[in-house]
Amino acid sequence: MAVDFSSLKKVAEGKTKVIYENPKDHKTVYMVFKDDITAGDGVKHDVISGKALVDWKTNKDIFELLNRKNVRTHYVCSPQEKVSIVKKLDRKINLEVVSRRVAAGSILKWGKMQEGTRFDPVITQFHYKDDPLHDPMLDDKYIDYIIKAKDATEYAEMIKMNQEIFVHLEAAFAQFDVQLIDMKLEYGIIEGKVYLIDEITGGSFRLWPYAKKNPNLNQPNVLKELNPSGRLDKDTYRMGEQIGNVLTKFEEIAKITAKFANL
Ligand SMILES: Nc1ncnc2c1ncn2[C@@H]1O[C@H](COP(=O)(O)OP(=O)(O)OP(=O)(O)O)[C@@H](O)[C@H]1O
Ligand SMILES: [Mg+2]
């Protein structure tokens, strides 16, 4: 039977999801996807009819894969379309944890980084979550200091989890001739442990198709091996693509992640 959300207490509402209490189980909450899409820390905003359904599918397939790989995630199940049940957060960690395999996007503005530079191992960057401050990056030395001097072991754990998650998803997308370029994840504390929370959808990462069969991805710069103009992710929206085309790209992602069930 469909859940009647009109009678449930709203715990939180963000840009892309609404969280409702679950009266049947106080250790979990309902996560309901919205049709909204935003960019530039919420400055650009549109509603794309059908996006919630596509995001819900992608998120479900990705989290189910990660749960099978024994990653500690908040995801429990999806009782109906656009709705998932997740473990309720005890404490949100106010960071966006970015991992990068290939240089693209904002990293190109720093120094002389060339687009397509390959990072091995994947690099991790912590951004303080604050839209008006444009999510400033935390300095690596500061992260090292708080891990060592302040015993903030959550940071060390997030770096490890973030790299593992990246490698799992990179391998999964590689099966379909697509490179996971970079990704932004969020973490929280549930029953004293660090958990992957929130969502992983077309807005969470960059995804570029391979430019050819069997590309050579083991070289310092992999730009020629990939096809950035065929990108499937939210950069299409950031770059001003028509809304209908953005949705088509997100649907392509969902078609790929639907096949993750066999991985
Ligand atoms: N497991 C969870 N339990 C409770 N709340 C959660 C959980 N996972 C995510 N949330 C919360 O869901 C809310 C809505 O998410 P949404 O992504 O729409 O917010 P947002 O506007 O993008 O803000 P944010 O930058 O915090 O993600 C956020 O406040 C987020 O912290
Ligand atoms: Mg969000």
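The rules behind each value
Residues numbered from 1 in each chain as written. Chains lettered and ligands numbered in written order. Predicted model: local features only at pLDDT ≥ 70, side-chain atom pairs only at ≥ 80, totals over all residues. Heavy atoms only, no water. Helix = DSSP H or I, 4+ residues; strand = E, 2+ residues; numbered from the N terminus. Buried < 20%, exposed > 50% of the residue type's maximum accessible area, 1.4 Å probe, protein only. Pairing = 2+ DSSP bridges. Axes fitted to C-alpha atoms, helices over the stretch in contact; angles between N-to-C directions. Contact = heavy atoms within 4.5 Å. Expected span 1.5 Å × (residues − 1). Arc of directions from axis to C-beta. Near = heavy atom within 4 Å. Polar contact = N/O pair within 3.5 Å; in protein donor to acceptor, adjacent residues only side chain to side chain. Nonpolar A, V, L, I, M, F, W, Y, C, P; charged D, E, K, R; others polar. Domains from an automatic or database assignment. Core = buried A, V, L, I, M, F, W, Y, C linked by side-chain atoms within 4.5 Å.

Caption draft 1: Structural detail: unusual backbone geometry. The linkage connecting D120 with the following residue, P121, adopts the cis geometry, with an omega of 5 degrees. Positionally, P121 belongs in strand β10 (residues 118–128). Positive phi, close to 70 degrees, is recorded for K82, a residue that is not glycine. On the accessibility criterion, K82 (36% relative accessible area) is partly exposed. Backbone geometry at D135 places phi at a positive 45 degrees, although glycine is not the residue there. Here D135 shows up in the loop between β10 and α2 (140–148). According to the relative accessible area criterion, D135 is buried, its value standing at 9%.

Caption draft 2: Highlighting the sheet that holds strand β1 (residues 10–13). In space, the 5 strands of this open sheet follow the order β1-β2-β3-β7-β6, with antiparallel pairing throughout. Bordering the open sheet on either side are β1 and β6 (75–80), each of which pairs with just one other strand. For this sheet the average axis-to-axis angle between neighbouring strands, irrespective of direction, equals 25 degrees. Where strand β3 (residues 28–33) meets strand β7 (residues 83–87), 5 bridges bridge the pair, whose relative direction is antiparallel. Counterpart to V29 in the pairing with β7 is V86. Against the sheet, helix α1 (residues 51–68) engages β3, β6 and β7, with an angle of about 140 degrees to β6.

Caption draft 3: Main features of helix α3 (residues 153–174). Look at α3: 32 Å from first C-alpha to last across 22 residues, which is about the 32 Å you get at 1.5 Å a residue. Where α3 is concerned, the buried positions are Y155, M158, M161, N162, I165, F166, L169, E170, A172 and F173. End-on view of α3: buried residues confined to an arc of 165 degrees, all on one side of the axis.

Caption draft 4: Structural view of the site of ligand 1. Residues in close proximity to ligand 1 total 18 residues, the closest being K15, K17, H74, K87 and K129. For ligand 1, an oxygen atom lies 2.8 Å from a polar atom in the backbone of T16. L89 places a main-chain nitrogen or oxygen 3.2 Å from a nitrogen atom of ligand 1. For the shell around ligand 1, the elements supplying multiple residues, two or more each, are β2 (17–21), β3 and β7. A breakdown of the residues in the shell around ligand 1 according to their chemical character gives 6 nonpolar, 3 polar and 9 charged. For the shell around ligand 1, the domains that each give at least three residues are domain 1 (5–87) and domain 2 (91–262).

Caption draft 5: Seen up close, the nonpolar core. Y155, I165, L169, Y187 and I200 are the most contacted members of the largest nonpolar core, which totals 48 residues. Residue contributions to this core peak at 8 residues, all from α3. Both domains that furnish three or more residues to this core are identified here as domain 1 (5–87) and domain 2 (91–262). Y187 has contacts with K92, I93, V97, M158, M161, N162, I165, V194, Y195, L196 and I197, leaving out every residue within four places of it along the chain.

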